[in-house]
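As a plain string of letters, each chain reads:
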Amino acid sequence: VFDRAETGRSHEQVVFCRDESTGLRAIISIHDTTLGPALGGTRFHPYAGEAEALADGLRLAEGMTCKAAAAGLPLGGGKAVVIGDPARDKTPALLRSYGRFVERLGGWYVTAADVGTTAEDLDVIGETTRHVVGRTTAAGGSGDSGPATARGVFEAMRAAAGRLWGSESLAGRRVGVEGVGKVGRHLVGLLLEDGASVVVADPSRAATDRIRALHGRAVAVLPRVRDADVDVYAPCALGATLTAAAVAELRASLVCGAANNQLAVPEVDGALAGRGVTWVPDYVANAGGLVQVGGELLGHTPEQVLRGVRAIGDTTREILEVAGRDGLTTGEAAGRIVRQRLARPAHAARSAG
Ligand code: NAD
């Protein structure tokens, strides 16, 4: 743990949580609290073992530090992983037990939803801890973050379009959206409103049926969009779709989407730049959900949250400007901005709520 330092900083605190009575085995990773308390979701996943769970949690927590810093939020990065099959093991008793461990950290780790957990689960976790955001609106939370995440991706895409094609409008551009779930389906609506021509791919029949019901023939469903004839590829399903082979087949000039950890290996950043493809780093484009749940924690008004989501466009412009000026890849330029913000915190909140 002490030697891992992709951002030049290793993790501050890693807590293993075990409760025999409920079967809970969880790992809470607090990466960095320079800018404020660590916020990040709880992933519930049937990891093969402790080592795999730890590696995933550490990587995800570090990603949250970058995401919060890039979004200009006075928040640090953390993440929790629960080892287990959500369909079988996610009992209310286990979630309450997990909440008690979160509570013990005194607010330096604040949890939210992630893969395998929902706003309803957070309502249960919230029975035993105050340090939870993203609960259902009925329970006083800000609910589903899919629409805010989609809005942030859209703002990032428009900013990048402005730099590439001289106009921030996506009218007449062909955009391929991979995955039309909680984020992708809202992104499709925003793109159509802006006049883009949209194609989508999703193996889930329910997801594509919903898109057809919402937009009829305005949206074409393809088996794959990654190598389709599009101007923009928007990965909004799983991460690691940008492999070296996939980059060689890309026909898009811009990649901008919601999926976390889009690069299969870090070197793909250079391969994209080498092919003249503009990549908006995932943690920059997909921060809208964090701006929403972070806003809940920070007491922001809906207008402040909307401004924060729109600012994702400004950050994207800054990254593309720095990359172009200094001959960096977009990943390197974003990393530099994150390191600067961590080195000179503008409004660090050194006390947890
Ligand atoms: P989701 O599970 O609601 O939707 C994902 C969709 O992708 C599903 O409809 C699924 O059928 C589809 N899919 C799966 N494999 C696919 C493939 N090979 N090709 C095309 N489609 C495929 O998830 P979501 O909340 O919409 O999140 C999408 C991505 O964005 C995830 O990587 C998530 O980690 C990331 N993200 C989400 C949020 C948020 O606020 N929900 C915030 C930040 C990042």
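Structure: see above.
It should be emphasised that the depicted structure is a prediction, and the values quoted were computed from it without experimental measurement.

Some points on the overall build of the protein
Then, in step 1: A tally of regular secondary structure across the protein gives 13 helices and eleven strands.
Then, in step 2: Over its C-alpha atoms the protein spans a radius of gyration of 20 Å, differing by no more than 12% from the 20 Å that the globule rule assigns to 353 residues.
Then, in step 3: Projected onto its principal axes, the C-alpha coordinates of the protein cover approximately 55 × 45 × 40 Å.
Then, in step 4: Scored against the burial criterion, the 353 residues of the protein give a buried share of 52%.
Then, in step 5: For the protein, contacts bridging at least 24 residues in sequence account for 65% of all contacts bridging at least 6.
Then, in step 6: When the accessible surface of the protein is summed, it comes to about 14800 Å², and 51% of that surface belongs to carbon and sulfur atoms.
Then, in step 7: When the 39 basic and 40 acidic side-chain charges of the protein are each reduced to a single mean position, those positions are 2 Å apart.

As for the pattern of salt bridges
Then, in step 1: All told, the structure shown has 23 salt bridges when counted by the stated rule.
Then, in step 2: Salt-bridge contacts for R163 lead to E321; the nearest nitrogen and oxygen are separated by 3.5 Å. Highlighted residues: R163 in helix α5 (residues 146-165) and E321 in helix α12 (residues 302-326), separated in sequence by 158 residues.
Then, in step 3: On the accessibility criterion, E321 (39% relative accessible area) is partly exposed.
Then, in step 4: Through salt bridges with shared partners, a single network forms among R43, D56, R59, K79 and D114.

Focus on the sheet that holds strand β4 (residues 76-83)
Then, in step 1: Judged by pairing direction, the sheet is mixed, and its five strands sit side by side in the order β1-β2-β4-β3-β5 without closing on themselves. In this open sheet, the two strands that pair with only one neighbour each are β1 (13-19) and β5 (109-113). In this sheet, adjacent strand axes meet at a mean angle of 25° when their direction is disregarded.
Then, in step 2: Alignment of β1 against strand β2 (residues 24-32), held across seven bridges, turns out to be antiparallel. Within β2, the position partnered with V15 by the bridge is I28.
Then, in step 3: Sheet strands touched by helix α1 (residues 50-70): β1, β2, β3 (38-45) and β4. Its angle to β4, the strand with the most contacts, is close to 155°.

Some details on the packing of α5 against helix α6 (residues 184-193)
Then, in step 1: Where α5 meets α6, the axes come as close as 8 Å, and the angle between the chain directions of the two elements is 45°. As judged from the angle between their axes, α5 and α6 are oblique. Pair α5 / α6 crosses with right-handed handedness. On α6, the residues that touch G146, P147, A150, R151, V153, F154 and M157 of α5 are H186, L187, L190 and L191.

Side note on the site of the ligand
Then, in step 1: Around the ligand, 21 residues are found, and the nearest of them are S145, T149, V183, D202 and A237.
Then, in step 2: T149 places a polar side-chain atom, nitrogen or oxygen, 2.7 Å from an oxygen atom of the ligand.
Then, in step 3: Taking A258, its main chain carries an N or O atom lying 3.2 Å from an oxygen atom of the ligand.
Then, in step 4: Relative to its unbound accessible surface of 830 Å², the ligand loses 72% to contact with the protein.
Then, in step 5: Across the shell around the ligand, the residue classes tally to nine nonpolar, eight polar and four charged.

What about the sheet that holds strand β8 (residues 219-221)?
As a general point, the strands of a sheet are linked pairwise by backbone hydrogen bonds and lie either parallel or antiparallel.
Then, in step 1: In spatial order, the strands read β8-β7-β6-β9-β10-β11; together these six strands make up an open sheet with parallel pairing. Unpaired on one side and paired on the other, β8 and β11 (278-279) mark the two borders of the sheet.
Then, in step 2: Taken together, the four bridges between strand β6 (residues 174-178) and strand β9 (residues 232-235) define a ladder with parallel strand orientation. Of the residues in β9, the one forming a bridge with V177 is A234.

Details of the nonpolar core
Then, in step 1: If you look at the biggest cluster of nonpolar residues, it comprises 47 residues, and the most contacted ones within it are M157, V177, L187 and L191.
Then, in step 2: Of the residues forming this core, the biggest block, seven residues, is contributed by α5.
Then, in step 3: When residues no more than four places from it in sequence are discounted, the contact partners of M157 are L170, V175, L187, L191, V232, A234, L254 and C256.
Then, in step 4: Of all hydrophobic cores here, the second largest spans 20 residues; its members include L24, F44, L94 and L105.

A few points about α5
An α-helix turns once every 3.6 residues. As a result, residues three or four positions apart point the same way.
Then, in step 1: In a regular helix each residue adds 1.5 Å, so 20 residues correspond to 28 Å; α5 covers 28 Å between its end C-alpha atoms and thus fits that length.
Then, in step 2: In terms of burial, α5 is a largely internal element, 14 of the 20 residues being buried.
Then, in step 3: At the C-terminal side of α5, G166 shows a positive phi close to 80°.

With respect to the pairing of β5
Then, in step 1: Taken across its five residues, β5 has four buried, putting it largely inside the fold.
Then, in step 2: In the sheet, β3 pairs with β5 via five bridges, with the strands oriented parallel. If you follow G40 over to β5, its bridge partner there is T111.

Remarks on the side chain of D269
Then, in step 1: Structurally, the position occupied by D269 is in helix α9 (residues 268-274).
Then, in step 2: It turns out D269 is buried and unbridged, and the closest side chain with the opposite charge, R339, is 10 Å from it.
Then, in step 3: There is a polar contact of 3.4 Å between the side chain of D269 and the backbone nitrogen of G331.

Definitions and limits used
Residues numbered from 1 in each chain as written. Predicted model: local features only at pLDDT ≥ 70, side-chain atom pairs only at ≥ 80, totals over all residues. Heavy atoms only, no water. Helix = DSSP H or I, 4+ residues; strand = E, 2+ residues; numbered from the N terminus. Rg over C-alpha atoms; globule rule 2.2 N^0.38 Å. Buried < 20%, exposed > 50% of the residue type's maximum accessible area, 1.4 Å probe, protein only. Contact = heavy atoms within 4.5 Å. Areas by Shrake-Rupley, 256 points an atom, 1.4 Å probe, with all protein chains shown as cover. Lys, Arg positive; Asp, Glu negative; His and termini not counted. Charge placed at Lys NZ, Arg CZ, Asp CG, Glu CD. Salt bridge = Lys/Arg side-chain N within 4 Å of Asp/Glu carboxyl O. Pairing = 2+ DSSP bridges. Axes fitted to C-alpha atoms, helices over the stretch in contact; angles between N-to-C directions. Parallel < 35°, antiparallel > 145°, perpendicular 65-115°, else oblique. Left-handed = near helix turned anticlockwise from the far one by under 90°. Near = heavy atom within 4 Å. Polar contact = N/O pair within 3.5 Å; in protein donor to acceptor, adjacent residues only side chain to side chain. Nonpolar A, V, L, I, M, F, W, Y, C, P; charged D, E, K, R; others polar. Core = buried A, V, L, I, M, F, W, Y, C linked by side-chain atoms within 4.5 Å. Expected span 1.5 Å × (residues − 1).

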